[in-house]
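A closer look at the structure
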Amino acid sequence: MDEPDRNTTQRRAGDTGARDPGDVARTKAFARTRRERGESLAAGKAGFGFQSGSSLHRSLVAPEWWQMALPMVLGAGIPAVADHMVYRGSGVATDMISPLVAMLGALLTLTALSIKRLDHTLQAMTQRLGLVAAMIAIPMFAYGWGIAHWAQTGGNQWGHAPWLQAMAALISVSLLAMIVQSGRLAGLLCGQVAMWSAVTCVVSPLTGIIVTIVAIAIGGMAFARQHDIEQTEQARSQDAARAQTRAQEILADFEETGQGWFWETDRRATILYVSAPVAELLGRTPDDLVGRPLSDLFQLDEQIAGQVAGAPGNRTERTLTFHLSARSSFSDLVVRAAIRDEERWWAITGRPIYDTFDNFQGFRGSGADLTERRRTQEHVSRLAHFDSLTGLSNRFFMSQSLEKILVAPQEQQRAVAVFLIDLDRFKQVNDTLGHPAGDQLLKQVAQRLERGVGAAGRVGRLGGDEFQIIFPGRIERAMLAQIAAHVIESLSQPYGLDGGRVMIGASVGIAIAPEDGVTSEALVRNADLALYAAKDGGRGRYHFYAADLHSDAEERRQLESDLRDALALGQLELYYQPVVQTTTEKITGFEALLRWKHPEHGFISPAKFIPIAEDAGLITQIGEWALRQACLDTAKWPENVRVAVNVSPLQFANPALPGIVTSALAAAQIDASRLELEITESVFINEDESNDAMFRALKRIGVRLALDDFGTGYSSLGYLKKAPFDKIKIDQSFVRGATEPGSRNGAIIAAIVSLAEALNMETTAEGVETLDELDLVRLLGCSHVQGFIYERPLSAQAAHERLGSGLVAIARGPRAARALRQSILRRVVLEHGGHNYEANVRNISATGALVEGLRNVPAGTVFRIHLSDGHVVTASARWAEEDRLGIEFSHPLELDETGRIAIITARTNRRVAPSAAYGATVDMPNRRAG
């Protein structure tokens, strides 16, 4: 086995054994050494000064120069001792001066022991030259002179030429001096030249002087060269030190920011080094972490979650434990820091380290802080999926959620119901109170929806005042109907905004999958059609999707386009309905009613095109035209006849309204008191100073003000204390049915009349159609009456002609009203006396029906009638004529949200279902409009 394999075997064997406590100590010592080395490098922050003179310039005298003393002493002492031993007692005089001079030169080299200290203090060029002269030149000159003089004067005693021994000593010392002074050109030359100049002076003084002069010149040149070399080396050293210090500073600063840090482990994955800021984040010191497993820095059970959130697509990323055990490189591995009180995420990178023999030494790597990046990503993700104002899911996320349900693998999991909710009168809040108040209102709406729906569904805001609710799973229509009713009721409660109260409403469109669509686009589109149907039905309603709504939507779009053309082409008309005083039965004025005669479809009901005008933003233009036209028509009437014109909330909120009114009165040349502006309660959703200012401005003009549809909208009566109304109009919903037994409408009318009298206001009862209703409202004290009992709305020309015949009005109409009948043709079964009879129902109301197909039925005969599957009612015959039979139900039939007979327009579906949204149990038939 070769050496690397044996090392690998040993390494693997060591990895499986227990850790030696000595290894931990050595690991900490090694880490401390690395940290101290890093700190010494960081010391460069204080400047580019260095710790030794040799770092600034290279010393001309080698620190080891003092070691030349021994060979020089030996070179001079051996001949002297030999002479003394040979000629002792012979009477021959020996030369002792030469060895002593050489010995003195050798001893002078010992001054080099202080070269380090002196080199720090003596920085000038002359001082450095003096050091060279004192420590090298003078000792070498003395040594050369001593050895040469000994050879010159003591040769006869040896019996042979002593120059051989002298040259050997000189050359040996010269070579040693060259070795010691290697790399120091000036000091080297000075030593060599001084020694050999001394030899020359002994042999020939004149030549020696010349050689010395030449030597000095050469030494100067060498010194200059040495100086240049030192300057170059110094500049290079400073650049290197500066680069090293800069790198160290950058790394230190990078670590201090906490955005990045470094780590190193040994082959057992225990920490050798970790950046101090990371240790501080973990509540430790670097020394505490050294020797501990690298995995202690992280919560590895959170790694997969971190990968998924930090880097999409990394769900299969290998874990840190795997990489450490496999000794494989890894990059940007997302891990959570082992910090208890804070969620912090890091991305770590590492690579294995091997020595020159390919032995694994450990890991070295870096880390980066991902916390802020993750928070930013979460914020971006939230903005991409949630509404920034309300915190609800946005349109994109709602579409994704709906799509996931509709593409579920199992068919039974694809059932879902979608509610589209549109806020009624929200635009008025925005226009009157401003967008900040509108935003505040939307937040409160979102909170109510979330509280009501809870975990049963997902609530989202699609934009503006449009919301969506998704109810997964199959829910019966009866249950959905109750949930929708609860939603409308909840959203219709008063809202507190800036100390005031605001009232809005809501309309709901409902679509169900898979019956109403199998894609999210189709389902939302159909729910939108249902929503439009709910709004067309009078708002504050819910409506289920039906196939015929597509044609209704196309009709609505076409009507909007035609309405714009009608406004531009002058196709709109005003009709006038008389207002009659109950005590005199004389006409005191007319209410201007808008009519649109379509060139193709004839007259279109205002209940149909007015909501379209409001949604299309045309109501303000139409309202101004109606005001001006009514004033022009009034100018042709007697001066004691007034005109009443409806003012929409948008018109009332327009600061230019007083100017428009003044302009219309001036153009028609009529007195302001002949104009009565009818204002609905909805203008009081904004109880602020702008309302009061508008009332004051209108009263300054002199027009009359009437409160229209009293009691059907805003629930507070506080505005009556301040609003200067001249009249209260009692809505026809209170008049209709007031004469029926058990009705409370008469008490409500009486209360309104009493309130108006207390406030010195007149009252007008709207929608009076029968003589019984007329008698009742007159008995209850209403000052004025308006309705078909006196006259239907008249064109401007007809109204003018009617006034020409006098002001007296004559009541004409039925004595009492009957229930609204619905024309149908349905085959039914009548059960009597154990026999079943088939017949046809021609029309039906809540209280009775017309049946064809039975003859000779006595009045009072009781039947059980099977009107639809599973729905049987009891009825009695009221009259019979040939094959026609009039019946009366024992109990009135239930009506749906459109006022039609529920059992006729929808299939009965009685099933008890729990309401997850509102915690109720429902047992009611489905009431989808037909």
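Below is a short write-up of the structure. Counting starts from 1 at the beginning of each chain's written sequence and moves along it residue by residue. This being a predicted model, a pLDDT of at least 70 is required before a residue's local features are given, and a value of 80 or more before pairs of side-chain atoms are given or counted; all residues contribute to the totals for chains, interfaces and linings. Values shown for side chains rest on all heavy atoms present in the structure; no hydrogens or waters enter the calculation.

Before going further, it helps to examine the packing of helix 24 (residues 619-634) against helix 26 (residues 657-668). Only the contacting stretch of a helix is used when fitting its axis, a line to C-alpha atoms as for every element, and angles between N-to-C directions run 0 to 180 degrees. Runs of H or I in DSSP of at least four residues are treated as helices and runs of E of at least two as strands, each being numbered from the N terminus. Across the interface, helix 24 lies against helix 26 with an axial gap of 8 Å and an inter-helix angle of 30 degrees. Here helix 24 lies roughly parallel to helix 26, going by the angle between them. Crossing angle aside, the handedness with which helix 24 passes helix 26 is right-handed. Contact residues: E624, L627, R628, C631 and L632 in helix 24; I660, V661, S663, A664, L665, A667 and A668 in helix 26. Here the contact of helix 24 with helix 26 is composed, by residue class, of nine nonpolar, one polar and two charged. In what follows, roughly perpendicular refers to angles from 65 to 115 degrees, roughly parallel to angles under 35, roughly antiparallel to angles over 145, and oblique to any angle outside these ranges. We call a crossing left-handed when the near helix sits turned anticlockwise from the far one by less than a right angle, and right-handed when that turn is clockwise. Two residues form a contact once any of their heavy atoms are found within 4.5 Å. For this classification, Asp, Glu, Lys and Arg are treated as charged, while Ala, Val, Leu, Ile, Met, Phe, Trp, Tyr, Cys and Pro are nonpolar and the rest, including Gly, are polar.

Turning our eyes to something else, we now look at the side chain of S520. If you trace the backbone, S520 turns up in helix 21 (residues 520-536). Here the side chain of S520 touches E403 through a polar contact of 2.7 Å, side chain to side chain. For the purposes of these results, a polar contact is taken to be a pair of N or O atoms within 3.5 Å, where, inside protein, one atom must be able to donate a hydrogen and its partner to accept one; residues adjacent in sequence count only when each atom of the pair is a side-chain atom.

By the convention used here, strands pair only if DSSP detects at least 2 bridges between them. Pairing is antiparallel across the open sheet formed by six strands, whose spatial order is 2-1-6-5-4-3. Both outer strands of the open sheet, strand 2 (271-274) and strand 3 (298-299), are each paired with one neighbouring strand and no more. Taken together, the five bridges between strand 4 (residues 330-337) and strand 5 (residues 345-354) define a ladder with antiparallel strand orientation. Bridge assignment links L333 to a residue of strand 5, and that residue is I348.

The next thing to look at is the side chain of R674. Inspection of the secondary structure assignment puts R674 in the loop between helix 26 and strand 18 (675-680). One polar contact links the side chain of R674 to the main-chain carbonyl oxygen of T634, over a distance of 3.0 Å. Here the side chain of R674 touches E639 through a polar contact of 3.4 Å, landing on its backbone oxygen. Not counting residues up to four positions away in its chain, the partners in contact with R674 are T634, W637, P638, E639, V641, R642 and V643.

Another aspect to go through is the sheet that holds strand 24 (residues 822-832). Taken together, the six strands give a closed barrel; going around it, the order is 24-25-26-29-28-27, and neighbouring strands pair in antiparallel fashion. Here the strands of the sheet are splayed against their neighbours by 45 degrees on average, with no regard to which way each runs. Judged from the six bridges that link them, strand 27 (residues 862-868) and strand 28 (residues 871-881) form a sheet pairing that is antiparallel. Of the residues in strand 28, the one forming a bridge with H866 is V872.

Next up on the list: the packing of aromatic side chains. Think of it this way: a Phe, Tyr or Trp ring, Trp meaning its six-membered ring, pairs with another when their centres are within 6.5 Å, and the plane angle makes it stacked under 30 degrees, edge-to-face over 60, tilted otherwise. This structure, assessed with the given rule, holds 16 aromatic pairs. Taking 5.1 Å as the distance between ring centres and 70 degrees as the angle between the ring planes, the aromatic pair formed by F419 and F471 counts as edge-to-face. In this pair, F419 sits in strand 7 (residues 416-424) while F471 sits in strand 9 (residues 466-472), placing the two residues 52 residues apart along the sequence. By the burial criterion, F419 is buried, and F471 matches it. Between Y575 and F603, the aromatic rings sit 5.9 Å apart at their centres with planes inclined by 85 degrees, giving edge-to-face as the arrangement. Of the two residues, Y575 sits in strand 14 (residues 572-581) while F603 sits in strand 16 (residues 602-604), which places them 28 residues apart along the sequence. Exposure remark for Y575: the relative accessible area of 17% places this residue in the buried category. Following the ring pairs from residue to residue traces out a cluster consisting of W263, F330, Y354, F360 and F363. The ring of Y495 carries R448 above its face, with NZ or CZ at 3.6 Å from the centroid. Across from the ring centre of F788, 4.0 Å away, lies the NZ or CZ of R792, which sits over that ring. Classification of residues uses two cut-offs on accessible area relative to the type maximum, computed with a 1.4 Å probe and protein chains only: under 20% is buried, over 50% is exposed, and between them is partly exposed. Ring-over charges, as used throughout, are those where CZ of Arg or NZ of Lys falls within 6 Å of the ring centre and within 35 degrees of the ring normal.

Here we come to unusual backbone geometry. The omega torsion across A513 and P514 is 10 degrees, close enough to zero to call that bond cis. Turning to its location among the elements, P514 is positioned in the loop between strand 12 (505-513) and helix 21. Its identity is not glycine, yet R327 carries a phi of approximately 55 degrees, on the positive side. Within the secondary structure, R327 is located in the loop between helix 15 (320-326) and strand 4.

With that out of the way, let us pick up helix 29 (residues 745-758). For helix 29, which comprises 14 residues, the first-to-last C-alpha distance of 20 Å matches the rise-based estimate of 20 Å (1.5 Å per residue) to within 8%. Among all positions in helix 29, only N745, G746, I749, I752, V753 and A756 are buried. Here the buried residues of helix 29 occupy an arc of 125 degrees about the axis, which is enough to place them on one side. Opposite its buried face, helix 29 presents the exposed residues A747 and A758, each directed more than 90 degrees away. Tucked into the core, helix 29 has its buried residues touching strand 19 (704-710), strand 20 (727-730), helix 28 (732-735), strand 21 (762-766) and helix 30 (771-779). After helix 29 finishes, the residue N760 shows a positive phi value of roughly 60 degrees. By this rule the span expected of a helix is its residue count minus one, scaled by 1.5 Å. By arc we mean the arc of the directions from the helix axis to the C-beta atoms, nothing more.

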